[in-house]
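Each chain, written out:
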Amino acid sequence: MSTLEKVFYSPIGRAVASKVGLKEPQKLRRGRSWPQGAIVLAALGKSTLAADTLMLLGRATEFPIVDSPAGNPPGYPTRIGALVVDATDLTQVAELEALRAVLRPAVRALEASGRVIILARVAHGDWETQAVARALDGINRTVGKELRRGATANLVVVDGEVTPSDLVSTLGFALQGRSAFVDGQTWHVGASSKIVDALADQPLAGRTIVVTGAARGIGAQISRVLARDGATIVAVDIPPAGEALAAVANEVGGTALQLDITADDAGVLIAAHVAGRGHELYGIVHNAGITRDKMLVNTDADRWASVLDVNLAAQMRINTVLLDPATAGGLADGGRIIGIASTSGLAGNKGQTNYAASKAGVAGLVGAMAPDLADRAITTNAVAPGFIETDMTARIPFVQREIFQRGNSLSQGGKPVDVAETIGYLLDPDSAGVTGQVIRVCGQNLVGA
Amino acid sequence: MSHNAVVIGGNRTPFAKSGGVFAEASNHDLLTAAIDGLSARFGLAGTRIGEVAAGAVLKHPHDFNLTREAVLSSSLSPLSPACDLQQACGTGLETTIYIANKIALGQIDSGIAGGTDSASDAPITVSDPLRRILLKASAARSTRDRIKAFAKVRPSYLAPEAPRVVEPRTGLSMGEHQALTTKTWQIGREDQDELAAASHHKLAAAWDKGFFDDLVTPYLGVTRDAIMRPDTTVAKLSQLKPAFGGANGTMTAGNSTALSDGAATVLLANEDWAREHHLPVLARFVDGNVTAVDHPAGSDLLLAPVAATGRMLDRNGLTLDDFDLVEIHEAFASTVLATLAAWESDEYCRGIGINSAIGTLDRTKLNVCGSSLAVGHPFAATGARIVPTLAKLLHERGPGSRGLISICAAGGQGVVAILEAM
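Residues numbered from 1 in each chain as written. Chains lettered and ligands numbered in written order. Predicted model: local features only at pLDDT ≥ 70, side-chain atom pairs only at ≥ 80, totals over all residues. Heavy atoms only, no water.

Brief notes about the layout of surface pockets
Estimates place the volume of the second largest pocket at around 1200 Å³. For the lining of the second largest pocket, the secondary structure elements donating two or more residues are helix H8 (242-252), strand E9 (255-258) and helix H9 (266-276) of chain A together with strand E1 (5-12), helix H1 (27-42), helix H7 (189-208) and helix H14 (382-397) of chain B. By residue class, the composition of the lining of the second largest pocket is 23 nonpolar, 12 polar and 11 charged. (1 Å grid on protein atoms, 1.4 Å probe; cavity = no way out; pocket = protein on both sides within 12 Å on 5 of 7 lines; lining within 4 Å. Points joined across faces, edges and corners; volume = space filled by probe spheres on them. Helix = DSSP H or I, 4+ residues; strand = E, 2+ residues; numbered from the N terminus. Nonpolar A, V, L, I, M, F, W, Y, C, P; charged D, E, K, R; others polar.)

Shown next as structure tokens:
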């Protein structure tokens, strides 16, 4: 810890910082915890999609307080935990007023780490319907930025055929502390044939999941969270990281596989390990990644190739092997592939052309694979972490780090567990309708997309 | 009911020169790390293992229950019992035999054999006169008696004593004993240097192709065997001065094993247990044997494994040609060469009670991934290093492939074993 950092975190430093407007960041609600206050449900049309989903989740709801056109705006008597808006019937610009009228009192009354969740329909239909759908996205992003004290806003866009069954895992994730650092995001949920009648506590029980880059940081945390949710972990990392890898594998009761994912036979070795242990492979989390940062003018072919190979090409080669139905220990139907993109990839980041290429590539890859694997009920998704506090980011000089980690709507860095929880949601067998999505875990970075 | 004892796999730390990168690690630390790596590789966290047997040659008195304590520090179930065994450099193979025997008898389903040694963590003790004075002082009833006792302390008593590396019966170090054997068997310098260089080259090649990725777990940032010199040559080794056998000796630091730190483990089980737990079955533990020679009477101390090998082959109805691979522990390059020469000698073999010469070994079968000269030799760990390495090599060759292990040990003892791929 640098001297400057020590001073900053001393009682005097904290007092000065707060005077100049650098507030102590809100401690976020995390884990499988529900909002403390009431969950307010605002159905803006005839749809009962949100109401039925909340019933499956076993959450009691309250009616919203609606802003009046004139006079003093009415308020909630106590803090509320969440506002869930069913906007799936909205098609006209004039109808957006109904959304404003439920948002205004609710935003004011939202508790710390509260939630605004808007359900909307996929945009098709006439010009106005499509404009309204896009307007909802703008509203969501803005509410996310205006909310304070760790509260978040997210927009879930659903297909026409989606049933409450398809939304249980999504709405559960969005309301619970697991989505702590997911803010201002929009993602899509499609219909599936799965019947879901409750949120599972251990959705991954009995499922084998490979996590690459598992020895430390985010990968180690992914392993822990998935194991908590019941998964049997095959922890993969390069042989030189074996000591830390063994510690993770033993901690989560899984197995360690020392392996360089760029090796030609990496996919074969992973499948052989899974098959050898008598398991069926349910999912793989392609977490392993490297950076070789340089401004483009200083980026040579080696830096370019190594980053693209580790971060993108290697997982494509491994996927090819695991997706071959002839591979013993390959991905079972109904399985899951998770990639790790990055906000650097989605928004671009100075000095990271190679990294951005690879990470945006991952986003492209999961999008491309999703429709092709739909007939096997295999979903492919990615998470895009923003500033996550890890050993790696702890090495960023203090002032720069402070600026980075405060540069989002939640004014703080995320934790590895936030990335892991989002991955856990995507891996949930009940998230069968979520595919081809990239969910940013960035606290709504102010910079970039 | 038959109980096939099979080798599932193994794990070890990288080995390093003593006083080097592992200087701060104790035997307990090293053994725990080796067990934890094994546990991670095979998913044994929280698993109750039938028994864990391991040992150390250089051992502190406070490590009296070394293996059990290491188990308690590890991720294995604390309900896994353990014992310490020690048979000098044969420890790691003797523990394997012990565990395999218990499995074969149906007493346990699964077991871990191992060994650890840290020449860095050697027990330093006080001199005998000082110990007597301290005992007397502690038993004294008055201050006066206590002072009287302490008055007898002489400066020379205060020098700490490192464990002696000489044979108590002969007063000769292991190297000095081997120097006698080297001379008797007329083992040349160049042959020794060639064997040493080949050991380093074969080990380096195995590392480069990833052979050890599922046999070794890095420890304290050391990711490969630290003694290994991939670029050494016979020419470079020929420059070294003799270390044993006087000015005209042929044994150097380059063709003798270095004092080393490290730990190794082997996972064994009965075949049914292994298959039920979906664990790999690499090789069957066929037989093991230990013999001793009367080295104070002049026998070649480090050739004790020859008799062990001869008797074991006889009772299994096997000849040297029945083996696809042979692992002879490289205590010194000349130990291996003298062993091979002794195998070829009718006269020597008859002299030790074997019907005829054991035979001539096809040298391409010998130590194909290198051995102790390049890897290092933490005394008690070596056997537990060799067993999984050989089991994996045999398994790669296919079912029925047979391997022989020969390890010489202090006190004129030899520990040998046969593995057969499944």
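Having seen the structure, we can now continue with the description.
Structural notes on helix H11 (residues 333-344) of chain B
All names here are of chain B. Taking 1.5 Å per residue, 12 residues should reach 16 Å; H11 reaches 17 Å between its end C-alpha atoms and fits that length. Counting buried residues in H11 gives 10 out of 12 residues, a clear majority hidden from the surface. Inspection of H11 places Ala 333, Ser 334, Thr 335, Val 336, Leu 337, Ala 338, Thr 339, Leu 340, Ala 342 and Trp 343 among the buried residues, and these make up the whole buried set. (Expected span 1.5 Å × (residues − 1). Buried < 20%, exposed > 50% of the residue type's maximum accessible area, 1.4 Å probe, protein only.)

Looking at the side chain of B:Asp225
Locating B:Asp225 in the fold gives a position in the loop between H7 and helix H8 (234-237). If we ignore the near neighbours within four places in the chain, the residues touching B:Asp225 are B:Arg12, B:Pro14, B:Phe15, B:Leu203, B:Trp207 and B:Val375. (Contact = heavy atoms within 4.5 Å.)

Concerning helix H3 (residues 49-56) of chain A
All names here are of chain A. Residues of H3 that are buried: Leu 49, Ala 50, Thr 53 and Leu 54. What you see down the axis of H3 is that its buried residues fit within an arc of 125°, all on one side. Phi turns positive one or two residues past the end of H3, at Gly 58, with a value near 70°. (Arc of directions from axis to C-beta.)

Focus: a positive patch on the surface
Residues and elements named next belong to chain B. Taken together, the side chains of Lys 136, Arg 144, Lys 148 and Lys 152 make up a positively charged region of the molecular surface. Counting through the fold element by element, Lys 136 comes out in helix H4 (residues 128-139). Residue Lys 136 is classed as exposed on the basis of its relative accessible area, which comes to 52%. (Patch = residues over 30% accessible without salt bridge, like charges linked within 9 Å, V, L, I, M, F, W, Y side chains within 5 Å. Areas by Shrake-Rupley, 256 points an atom, 1.4 Å probe, with all protein chains shown as cover. Salt bridge = Lys/Arg side-chain N within 4 Å of Asp/Glu carboxyl O. Lys, Arg positive; Asp, Glu negative; His and termini not counted. Charge placed at Lys NZ, Arg CZ, Asp CG, Glu CD.)

Focus: the nonpolar core
Across soluble globular proteins, nonpolar side chains show a tendency to be buried alongside one another. Of all hydrophobic cores here, the largest spans 64 residues; its most connected members are A:Leu175, A:Trp187, A:Ile209, A:Leu226, A:Val285 and A:Ile423. Not counting residues up to four positions away in its chain, the partners in contact with A:Leu226 are A:Leu204, A:Ile209, A:Val211, A:Ala231, A:Ile233, A:Val285, A:Gly424 and A:Leu427. Among the nonpolar cores identified, the runner-up in size contains 45 residues, and B:Val7, B:Ala53, B:Ala204 and B:Ala417 belong to it. (Core = buried A, V, L, I, M, F, W, Y, C linked by side-chain atoms within 4.5 Å.)

Some points on the interface of chain B and chain A
Taken residue by residue, the interface counts 20 residues in chain B and 16 residues in chain A. Between chain B and chain A, the buried area comes to about 1200 Å², and carbon and sulfur atoms account for 50% of it. The interface formed by chain B and chain A includes zero salt bridges. Where chain B meets chain A, there are 10 residue pairs in polar contact (both at pLDDT 80 or more). (Buried area = accessible area lost by both parts, 1.4 Å probe. Polar contact = N/O pair within 3.5 Å; in protein donor to acceptor, adjacent residues only side chain to side chain.)

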